[in-house]
Amino acid sequence: QKMPPSLPATINIREPRWDQSTFQGRAKHFFMVTDPRNLLLSGATLEEARRVVEDYRAGTVHPGLTEDQLWRAKYIYDSAFHPDTGEKMILVGRMSAQVPMNMTITGCMLTFYRTTPAVLFWQWVNQSFNAIVNYTNRSGDAPITPSQLGTAYVSATTGAVVTALGLKSLTKHLPAIIGRYVPFAAVAAANCINIPLMRQRELKLGIPVTDENGNRLGESTAAAQKAIFQVVVSRIGMAVPAMAIPPVIMNMLEKRAFLKRYPYLNAPLQVSLVGLCLVFATPLCCALFPQKSSMPVSSLEPEVQDQIRKKDPWLETVYFNKGL
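All values reported here derive from a predicted model rather than from experimental measurement.

Conventions and cut-offs
Residues numbered from 1 in each chain as written. Predicted model: local features only at pLDDT ≥ 70, side-chain atom pairs only at ≥ 80, totals over all residues. Heavy atoms only, no water. Helix = DSSP H or I, 4+ residues; strand = E, 2+ residues; numbered from the N terminus. Buried < 20%, exposed > 50% of the residue type's maximum accessible area, 1.4 Å probe, protein only. Contact = heavy atoms within 4.5 Å. Areas by Shrake-Rupley, 256 points an atom, 1.4 Å probe, with all protein chains shown as cover. Lys, Arg positive; Asp, Glu negative; His and termini not counted. Charge placed at Lys NZ, Arg CZ, Asp CG, Glu CD. Pairing = 2+ DSSP bridges. Expected span 1.5 Å × (residues − 1). Domains from an automatic or database assignment. Buried area = accessible area lost by both parts, 1.4 Å probe. Disulfide = S-S within 2.5 Å. Salt bridge = Lys/Arg side-chain N within 4 Å of Asp/Glu carboxyl O. UniProt positions renumbered as here; feature names shortened; annotations may be inferred. Core = buried A, V, L, I, M, F, W, Y, C linked by side-chain atoms within 4.5 Å.

1. Topic: the overall build of the protein
If you tally the helices and strands in the protein, you get 13 helices and four strands. Overall, the protein is about 65 × 65 × 35 Å in size when its C-alpha atoms are taken along their principal axes. Residue burial in the protein is summarised as follows: out of 324 residues, 46% are buried. Residue pairs in contact within the protein that sit at least 24 positions apart in sequence constitute 73% of those at least 6 positions apart. As displayed, the protein offers around 16,600 Å² of accessible surface, 62% of which is attributable to carbon and sulfur atoms. When the 33 positive and 23 negative side-chain charges of the protein are each reduced to one mean point, those points stand 13 Å apart.

Here's what the structure looks like:
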């Protein structure tokens, strides 16, 4: 029996498999990145994927390795190991944990929104989870200090709780359906506080901007502002279907005899509805903007424009990693 031809060592597995200039390509990429099934992989499977990827990058192709197997190993490796440090990431902080963790937390926020202690507890749980995710997926180029992490965590938690309690008191005399949207407003407010604070170093010092070939041209705070805005929009977008659709369905169901007879099904039903929304909303909202984002040189700060013009007078567009 003939052995399959050896795989060439020229496939660029540092980049995603699909064309990232199209929404469809980005969506396929993020469906792989956020696949919750990656959480069930054993330590041996993760280590085998690491070995395949690191060997391939070093120019060693395992005998019989197919292109599909190589890409599968790349996405397993990316799901569990930090791209800059190579360390194995905390399980609940990985992108593949986003759907199961968020469906549980969001489902409980939408179920237990009527009492002040429940609002306080679930907003605290949500921001604690956000802090773990932001720390786990931190950039190796701009590490987060413990004081920055603490400030962002306390500020976002305070912002979420104040928004939730303030809106809760305002909606007391309004229809019940309005009250169900208080958790969403609190989550949106927290994202607007948490992400800029977590990435404040980038806002002060800028993020690296490159040409099309990845050659570093300097650091820009204007690029950092655009990157953070895009991430905030994506994160709020992720929360919209999960926090907007289930309240309408639950409001209708609670008026029927079924849920009145079996009230203990309220929370599991809410969590399941949120999970169904998040399975699609998480990768699709991650894909709203290209990971390798771009902007015109003319939109950068004057001193950065001058710096770039000295290197390449004809360059019109720069690129940067927007983060997640």
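Moving on from the model shown.
2. Thoughts on the pairing of strand 1 (residues 207–210)
Alignment of strand 1 against strand 2 (residues 216–220), held across four bridges, turns out to be antiparallel. What sits directly across from Val209, in strand 2, is Gly218. Hairpin remark: strand 1 followed by strand 2, antiparallel, with five residues in the connecting loop; positive phi at Gly214, about 90°.

3. Considering helix 6 (residues 146–170)
Between its terminal C-alpha atoms helix 6 stretches 36 Å, which fits the 36 Å expected from 25 residues at 1.5 Å a residue. By the burial criterion, the buried members of helix 6 are Gln148, Ala152, Ala156, Thr157, Gly159, Ala160, Val161, Ala164 and Lys168.

4. What to know about the domain arrangement of the protein
Considered domain by domain, the protein is made up of domain 1 (23–88) and domain 2 (95–321). Each of domain 1 and domain 2 has a C-alpha centre, and these two points are 26 Å apart. Each partner contributes to the interface: domain 1 provides 15 residues, whereas domain 2 provides 22 residues. Of the roughly 1,400 Å² buried at the junction of domain 1 and domain 2 (both faces included), carbon and sulfur atoms supply 69%.

5. A short note on the state of the cysteines
Under the criterion given, the structure shown has zero disulfides. Note on Cys285: no disulfide assigned, nearest cysteine sulfur contributed by Cys286 at a separation of 7.7 Å. Residue Cys285 is classed as buried on the basis of its relative accessible area, which comes to 11%. By relative accessible area, which is 4% here, Cys286 ends up buried.

6. Re the pattern of salt bridges
Summed over all chains, the structure comprises seven salt bridges. The closest approach of N and O atoms between Glu47 and Arg50, which form a salt bridge, is 3.3 Å. Placement of both Glu47 and Arg50 in helix 2 (residues 43–57) is noted, with a separation of three residues, approximately one turn of the helix. Relative accessible area serves as the criterion here: at 36%, Glu47 is assigned to the partly exposed category. A salt bridge links Arg50 to Glu54, with the nearest nitrogen and oxygen atoms 3.7 Å apart. Of this pair, Arg50 and Glu54 are both found in helix 2, four residues apart, which corresponds to roughly one turn of the helix.

7. Some thoughts on the UniProt feature "transmembrane region" (unreviewed entry) in the protein
Listed under "transmembrane region" (unreviewed entry) in the UniProt record, and renumbered for this structure, are residues 227–249 and 269–289. Helix makes up 100% of residues 227–249 and strand makes up 0%, while its end C-alpha atoms are separated by 35 Å. The distance from the first to the last C-alpha atom of residues 269–289 is 32 Å, and the span holds 86% helix and 0% strand.

8. Comments concerning the nonpolar core
Ranked by internal contacts, the top residues of the largest apolar core, which has 25 residues, are Leu7, Ile11, Ile13, Tyr56 and Leu70. For this core, the secondary-structure elements that each account for two or more residues are helix 1 (23–33), helix 2, helix 3 (67–80) and helix 12 (266–286). Ranked by residue count, the leading element in this core is helix 3, at seven residues. Structurally, this core is a two-domain feature, drawing no fewer than three residues from each of domain 1 (23–88) and domain 2 (95–321). Those residues in contact with Leu7 that lie beyond four places of it in its chain are Tyr56, Val61, Leu65, Thr66, Glu67 and Leu70. Ranked by size, the runner-up nonpolar core spans 16 residues in total, among them Ile105, Val125, Met243 and Val274.

9. With respect to the environment of Ser293
Turning to its location among the elements, Ser293 is positioned in strand 3 (residues 292–296). Residue Ser293 is classed as buried on the basis of its relative accessible area, which comes to 3%. Distance from Ser293 to Gly179, taken between C-alpha atoms, is 37 Å for residues 114 residues apart in sequence. Discounting residues that sit within four places of it in the chain, Ser293 has contacts with Lys226, Gln230, Val318, Tyr319, Phe320 and Lys322.

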